[in-house]
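Listed below, chain by chain, are the residues.
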Amino acid sequence: MSSISIRFAVPEDAALIAELSQQTFLETFADQNSKENMDKFMNETFSRQKLMSEVNMTGNIFLLAYSDQAAVGYVRMRENNLPGQAGSGAFEIARIYATANTVGKGVGRLLMQHCIDIAREKGKELLWLGVWEHNYRAIEFYKKWGFEKFSTHTFMLGDDPQTDWLMKKEL
């Protein structure tokens, strides 16, 4: 794999982000969930139109990762207080994904470093995220970056209530 570059997304990237979102979500979770629940989630919550509309929402920051001119990952950050702590000066990493063929090759590492740098530049006190309790690889990745579990919440994947760990990293 050649060098990886990261850039801020622009509104014209909305269709690409929607495509990457759907591709990486399916690659990451389809094997561990029923087709019915995946289809329902993709059609209702992760539709192309909804994903494209997120790109222009106030407070969202999207970064795209490229290798050899191909988009291989992305992150969605948003200004969002830590649950239960008003005014916590936080950014949420709402999504961070790399394509299956690039996992373990530095895409996530570069995206995470950019998230930390952006949060610090904007004077935020911490980063937080939610991760499925059975996504062990991701949990280990976040722990290596200094994230710690502080709570849980329910994430609905179709009709399946799943438990997400909420993790935070103080900056």
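What comes next is a walk through the structure. Residue numbering note: each chain is counted from 1, following its sequence as written. Only residues with pLDDT of at least 70 are given local features in this predicted model, and only at 80 or more are side-chain atom pairs given and counted; all residues enter the totals for whole chains, interfaces and linings. As a convention, hydrogens and water are excluded, and side-chain values are obtained from all of the structure's heavy atoms.

The way it works is that DSSP assigns letters per residue, a run of H or I at least four long becomes a helix, a run of E at least two long becomes a strand, and they are numbered from the N terminus. As for its placement among the helices and strands, S47 is situated in the loop between α2 (35–44) and α3 (48–54). For the exposure calls, accessible area comes from a 1.4 Å probe over protein chains only, and a residue counts as buried if that area is under 20% of its type's maximum, exposed if over 50%, partly exposed in between. S47 gets classed as buried once you look at its relative accessible area, which sits at 18%. In this structure the side chain of S47 is engaged in a polar contact, spanning 3.2 Å, whose partner is the backbone nitrogen of K50. Beyond its immediate stretch of four places on either side in the chain, S47 contacts Q22 and M42. Polar contacts, as counted here, are pairs of nitrogen or oxygen atoms within 3.5 Å of one another; within protein the pair requires one atom able to donate a hydrogen and one able to accept it, and residues that are adjacent in sequence qualify only if both atoms are side-chain atoms. Two residues qualify as a contact provided that any one of their heavy atoms is within 4.5 Å of a heavy atom in the partner residue.

With that settled, the discussion passes to the environment of D160. By the element assignment, D160 lies in strand β7 (residues 160–170). Residue classification places D160 among the partly exposed residues on the basis of a relative accessible area of 27%. The sequence separation of D160 and V103 amounts to 57 residues, and the corresponding C-alpha distance is 26 Å. Among all residues touching D160, those that are not within four sequence positions of it are N33, N37 and F155. In this structure the side chain of D160 is engaged in a polar contact, spanning 3.0 Å, whose partner is the side chain of Q162.

Let us look at the environment of D164. Along the polypeptide, D164 turns up in strand β7. Note: C-alpha distance between D164 and Q23 (141 residues apart in sequence) is 21 Å. Ignoring anything within four residues of it in the chain, the contact list for D164 reads G130, V131, W132, E133, S151, T152, H153 and F155. There is a polar contact of 3.4 Å between the side chain of D164 and the backbone nitrogen of W132.

Interpretation note: all reported values are geometric properties and have no functional meaning in isolation.
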